[in-house]
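# Examination of the molecular architecture
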Amino acid sequence: MNGGLRLSVRRAMEQLERRTRVLSGLVWMFCSLCVIAGAESLSQCSEGDYYFEYTECDSTGSRWRVAIPQRPGECTGLPDPVQGTDCSFSCAAGEFLEMSAQECTQCAAGSYSLGSGIRFDEWDDIPRGFSSVATYLDNTPHGQQGPSCNGSSWIAQGSYVESNRDECSVSLVYAVHLKKQGSVSFEYQYVDNNIFFEFFIQNDQCQEMEKTSDQKWIKLTSNGQWSKHTVSLKSGTNVLYWRTTGVTVGAKIVKPVLLKNIQIEGVAYMSECLPCKPGTFSKSPGSSSCELCPRNTYSGRGASSCTPCNTTTHYALEGSSVCKARPACSKKDYFQIHSVCDEEGKTQIIYKWIEPKICLEEVPDAVTLPPSGEREPCPPCNPGFYNNNTATCLPCPQGTYSDGLKECQPCPAGTEPALGYEYKWWNILPANMKSSCFNVANTKCDGMNGWEVAGDHIRSGAGGSDNDYLILNLKVPGFRLPTSVSGTSGTEFGRVTFVFETTCSADCELYFMMDTDRRSTSVVESWEGSKEKQSYTHIMTKNASVSFTWAFQRINQAKDVRQYVNDMVKIYLITVTNALDGVASSCRACAIESQQPGSACVPCPAGYYIDEETNQCQECPPNTFLSGHHVYGRDACQPCGPGSRSNKEHSLCFSDCSFTHTELNHTLQFDFSSLGSTGSIMNGPSFTSKGTKYYHLFNISLCGLEAHRPAVCSDNVTDLSDKDPHGSEANKVEAFICQSTVIPSDGRGFRVALSSQSTSLADSFLGATLEKSLNGVTARPELFPTQPKRVPDINFYYRSPQTTSSCENGRNTVVTLRCSPEKTAKGEISVPRQCPAGTCDGCTFHFLWESSSACPRCTEADYHQIEGACKGGVQDTVYVWTEPRLCTGGVGLPVKRSTPCEMIDFWLKVGAGVGAFCAVLLISLTCYFWKKNKKLEFKYSKLVMSTNKECELPAADSCAIMEGEGEEVEDEVVYSKPSLLGKLKAIATKGNEQSSEAVQLKSSQAERWVWG
């Protein structure tokens, strides 16, 4: 426990022990005075010089009554100690223990007593014995200095005490010592779930006494409603703690907890009666409580009666301690209403003074009440009602309907009434609605109407002061589905829709609240400041008795004036569908048992629609779902989105954890079964403006479960060790995706982490696709940059239809699955770095789920084979995955295959033989042509040598030497080696210069070489 808190407990314990120490000291002083009395002469003590007290009880339960001097040392002759009453003795309510006679005596008029109890109902300041202790353990990042909480404390506000409005944990502490078992009770207001409010008890060893969660954690209340909480106490020392902890995650300021009328039973005795506080009185002796002074009277402290005010010039509200001067009347002192329709069907605007009237009309600058307006025709009856030539609208009988203008008509055959409420004309307040006014600090407006009807709308009234809660309440006993859909398993039982606008010059606020089965009231939505005319719809997902409440407050600071009386809210329309005791404004088609006339409506089985031609039930086609409770016609069966299928009841679409994508004749098959169980991500930590650490917890149920949305987020503002797992469903949210705000146990003194503000982010599954948008929901791939891979990302799209003031179309969620082979099968979930809360606009959430399970199933195309060398007549063929491997599951790698082989293959031998043959043939042809060339050169040389004989050669066609001639002298001729090509060119050149018929060959002796 925080050191400051321990110090406060010690101080409280010291207060308990102070009386014992004082008594011991005074007894010692008394003994000392007895010794001194022999030396000095003192006067005899009278009854006014001393008072009586009891000593502490001994082990036998006995105690002594001793006299304590008022001013020690000024008198002598104090009464001797006498045996006291039993330690468990106490007086009845309205009595006190008169110590002189040790007998119970009635309280005098103007005072009261609880007998064996004490009550704290005056809070002009913190009463003696109470202490306010602020704690703020440092949980800021990097050990930085957290904000100071020295100025945070509980604040006395006259008739109540309120908690702090910041994030500090502040405890209101009171220590009491009980002689017998008793109890503590208190009244409180706790309207803001951004505050954790707990009440617990410790003993003198600072050990918390065991209490159930209902006793420790306090339930929320409606705005303006006081609730009472009672806890039993054990005998001995009890240290009582009222502790609040604010969690201002958003920008809104928390609304404080209010306490009043703290009463503790089980104290030993009361030695005197308590005087009545100002504004109250007790007229008879023996009173256990004081009464409030009536209106226009007042009283001081300890009054036995109230004094009347001079009502001509002054006034006093109920419970006043003084009379106040009446001000001059102004426009803020009256309001207008519409009169009830008369027999002629006429109404008019009437102006009335706000009661109680406290202003004066006969003084300067005072205004008078305006005259009534002209008589106008009354507005028509609301749909489902009729006017039977009277001034009263009556509900249509069962089985009939009306638009409010005509008589009620029976529904045609094959139809049934569409039951509900539709209030759009406001001449009188409907029978199931009531209006009230409430103020936490006074009873000024208790008898006033908080709302006034005004023809085409109902608006907030004037109230008694600006911080009044102006309350409008509508009770719905339950919901009844139409006959044809009563067998469905849908989650929508009804809807409440209202159209409103607010006009404010201050910080007004409108609350829309809901109380289910009278358990606890919760704020569904709220709006601050001026708002244009707009509509809001809330879907009921549970069939239960519900009380809807609209509460309007002009300012939240206590003021005893009406400065902002023109700030108001107007509600134009309120509709509730499928109300159990509703009326019908129209008829809807229903399924009939047969085509026979007069056939009654029958319920269709789950997943069936009503055929338009036969009015009989027909099952929806596969992979379609019924949208809401609209079941008439084939179009009621809406197709499921891509990558999804419908459940058996056709009530919702879901993913069965399989997905297929085909591109360029290549098919990728995915199996997300490993991601089917709920995945979670707790991002953060984040810190509020004052440093409170909190996390956003997201639970995601991606696929697999057909009939459920198993992601659950709970508000565990309770002691988890004692929490009933089968408790109320009001504190948990079930959806495909949900979010909670979690405050860790460290830094707040809680034994467990606290979860609150649970919200559904995904009630319906739209589909899974590679596309960047689906049904108006857009993915943002730029939020999750990555290296390009061959496997595309798959986007899962979800929607939650519940609208909020900031998300008029509800919330959307996109979960992107990315193939990451290096991740585990379960993978990791992340949120965008730019948007650590998971959303950048507050309405669309984005998540990235990286996992190896997001890779496609393996096929034959994802591996290849490698053939080994032939060793020992055996060749191995192995199969390996193609890197990088971007698949999982599916087909496995084939086993290694071994086949027989030869050292040199047959075809290799054939090739070698053919190559060798070709090489030999080429060499042979080369040698042959080389030899033929040599012979031609020899013959030419021989021809040239013959030119020395100076004979004319024959013509070109006859001078050739026959082959074979002169071969015998081949070895005797030696010739030079001019180029054959050069010789031919020379012959051709000479031949061109002479006749083509003959060639004259001449030779020179110098050109011949003869070997002898």
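Given the structure is predicted, the values throughout are model-derived calculations rather than measurements.

### A look at the overall build of the chain
In terms of helices and strands, the chain carries four helices and 69 strands. By the burial criterion, 44% of the 1012 residues in the chain qualify as buried. Within the chain, counting contacts between residues at least 6 apart in sequence, those at least 24 apart form 67% of the total. Just so you have it, the chain exposes about 52,200 Å², and 51% of that area is on carbon and sulfur atoms.

### Some points on the packing of aromatic side chains
Scanning the entire structure with this criterion turns up 38 aromatic pairs. Arranged with centres 4.8 Å apart and planes meeting at 90°, the rings of F120 and F130 form a pair that is edge-to-face. Of this pair, F120 sits in strand β9 (residues 117–120) while F130 sits in strand β10 (residues 130–135), and the two are ten residues apart along the sequence. The pair F120 / F130 is uniform in exposure class, with both members buried. Joined through ring pairs, the aromatic side chains of F120, W123, F130, Y174, F186, Y188, Y190, F197, F199 and W242 make up one cluster. For the cation-ring pair, K260 lies above W226, with the distance from its terminal atom to the ring centre recorded as 4.3 Å.

### Regarding the environment of G838
Of note, G838 is situated in the loop between β65 (828–830) and β66 (844–851). Once the C-alpha coordinates of G838 and T813 are considered, the two residues, 25 residues apart in sequence, prove to be 9.5 Å apart. Beyond its immediate chain neighbours, meaning those up to four positions away, G838 contacts N683, V831, P832, T844, F845 and H846.

### Describing the pattern of salt bridges
Scanning the entire structure with this criterion turns up twelve salt bridges. Ionic pairing is found between E162 and R165, a salt bridge with its closest N-O pair at 3.7 Å. Given the relative accessible area of 8%, E162 is considered buried.

### What to know about the sheet that holds β65
Working definition: the strands of a sheet are paired by backbone hydrogen bonds and lie parallel or antiparallel to each other. Strand order in the open sheet made by the five strands is β60-β63-β64-β66-β65, with mixed pairing throughout. Here the strands that pair on one side only, and so sit at the sheet edges, are β60 (764–769) and β65. Strand-to-strand twist across the sheet, computed as the mean angle between neighbouring axes with direction ignored, equals 20°. As judged from the seven bridges shared by strand β63 (residues 794–800) and strand β64 (residues 811–819), these two strands associate in the antiparallel manner. In the strand pairing of β64, R799 is matched with N812.

### A closer look at the nonpolar core
Counting 41 residues, the largest nonpolar core has W451, L474, F498, F548, W550 and I571 as its most contacted members. Residue contacts for W550: discarding those within four places in its chain leaves W451, L470, I471, L472, L474, F498, L510, Y511, F512, I571 and I574. Membership of the second largest hydrophobic core comes to 33 residues, among which are C657, F670, F698 and W849.

### A short note on the side chain of Q102
Position of Q102 relative to the elements: it lies in the loop between β6 (95–98) and β7 (103–106). Assessed through its relative accessible area of 16%, Q102 is described here as buried. Among the polar contacts listed, one links the side chain of Q102 to the backbone nitrogen of T85, at a separation of 3.2 Å. Discounting chain neighbours no more than four positions away, the residues touching Q102 are Y54, R65, V82, Q83, G84, T85 and L97.

### Topic: a nonpolar patch on the surface
There is a patch of nonpolar side chains on the surface, built from F917, L921, L925, Y928 and F929 and spanning about 550 Å² of accessible area. Position of L921 relative to the elements: it lies in helix α3 (residues 906–945).

### Comments concerning the sheet that holds strand β3 (residues 64–69)
Within the open sheet, the three strands sit side by side as β2-β3-β5. Their pairing is antiparallel. Two strands in the sheet have a free side with no partner beyond their single neighbour: β2 (50–54) and β5 (82–83). In this structure, β3 lies alongside β5, joined through two bridges in antiparallel fashion. Paired with R65 across the strands is V82, a residue of β5.

### Points about unusual backbone geometry
The amide bond that connects E883 to the next residue, P884, takes the cis arrangement and shows omega of -5°. Along the chain, P884 turns up in the loop between β68 (874–881) and β69 (897–900). With a phi angle near 60°, N578 is a residue other than glycine that sits in the positive phi range. If you trace the backbone, N578 turns up in the loop between β44 (568–577) and β45 (583–589). On the accessibility criterion, N578 (6% relative accessible area) is buried. Of note in this structure, N623 is not a glycine but carries a positive phi near 60°.

### Concerning the confidence of the model for the chain
Averaged over the chain, the pLDDT score is 79; the fraction of residues at 70 or greater is 79%. A low-confidence stretch, residues 1–9 stays under pLDDT 50, and its non-local contacts, those more than four residues away or across chains, total 18 contacts. Counted against residues more than four places away or in other chains, residues 955–977, with its pLDDT under 50, gives 22 contacts.

### Re the state of the cysteines
In this structure the tally under the stated criterion is 22 disulfides. Two residues share a disulfide in this structure: C329 and C359, whose sulfurs sit 2.0 Å from each other. When the S-S torsion is 85°, as for the bridge of C329 with C359, the disulfide is right-handed. Taken as a pair, C329 in the loop between β25 (324–325) and β26 (334–338) and C359 in the loop between β28 (349–353) and β29 (376–377) lie far apart in primary sequence, 30 residues in all. Like C359, C329 is buried.

### Quick notes on the environment of P377
By the secondary structure assignment, P377 is in strand β29. As for P377 and Q348, which are separated by 29 residues in sequence, their C-alpha atoms are 8.5 Å apart. The residues touching P377, leaving out its near neighbours within four places in the chain, are G345, K346 and T347.

### Side note on the environment of V257
Here V257 shows up in the loop between β17 (236–246) and β18 (258–265). Each C-alpha atom, one on V257 and one on R165, is 8.9 Å from the other, the two residues being 92 residues apart in sequence. For V257, the residues in contact, after removing those within four places along its chain, are W154, V161, E162, S163, Q189, Y190, I195, F197 and T244.

Parameters at a glance
Residues numbered from 1 in each chain as written. Predicted model: local features only at pLDDT ≥ 70, side-chain atom pairs only at ≥ 80, totals over all residues. Heavy atoms only, no water. Helix = DSSP H or I, 4+ residues; strand = E, 2+ residues; numbered from the N terminus. Buried < 20%, exposed > 50% of the residue type's maximum accessible area, 1.4 Å probe, protein only. Contact = heavy atoms within 4.5 Å. Areas by Shrake-Rupley, 256 points an atom, 1.4 Å probe, with all protein chains shown as cover. Phe/Tyr/Trp six-rings, centres within 6.5 Å; stacked < 30°, edge-to-face > 60°. Lys NZ or Arg CZ within 6 Å of the ring centre and 35° of its normal. Salt bridge = Lys/Arg side-chain N within 4 Å of Asp/Glu carboxyl O. Pairing = 2+ DSSP bridges. Axes fitted to C-alpha atoms, helices over the stretch in contact; angles between N-to-C directions. Core = buried A, V, L, I, M, F, W, Y, C linked by side-chain atoms within 4.5 Å. Polar contact = N/O pair within 3.5 Å; in protein donor to acceptor, adjacent residues only side chain to side chain. Patch = residues over 30% accessible without salt bridge, like charges linked within 9 Å, V, L, I, M, F, W, Y side chains within 5 Å. pLDDT = per-residue confidence, 0-100. Disulfide = S-S within 2.5 Å.

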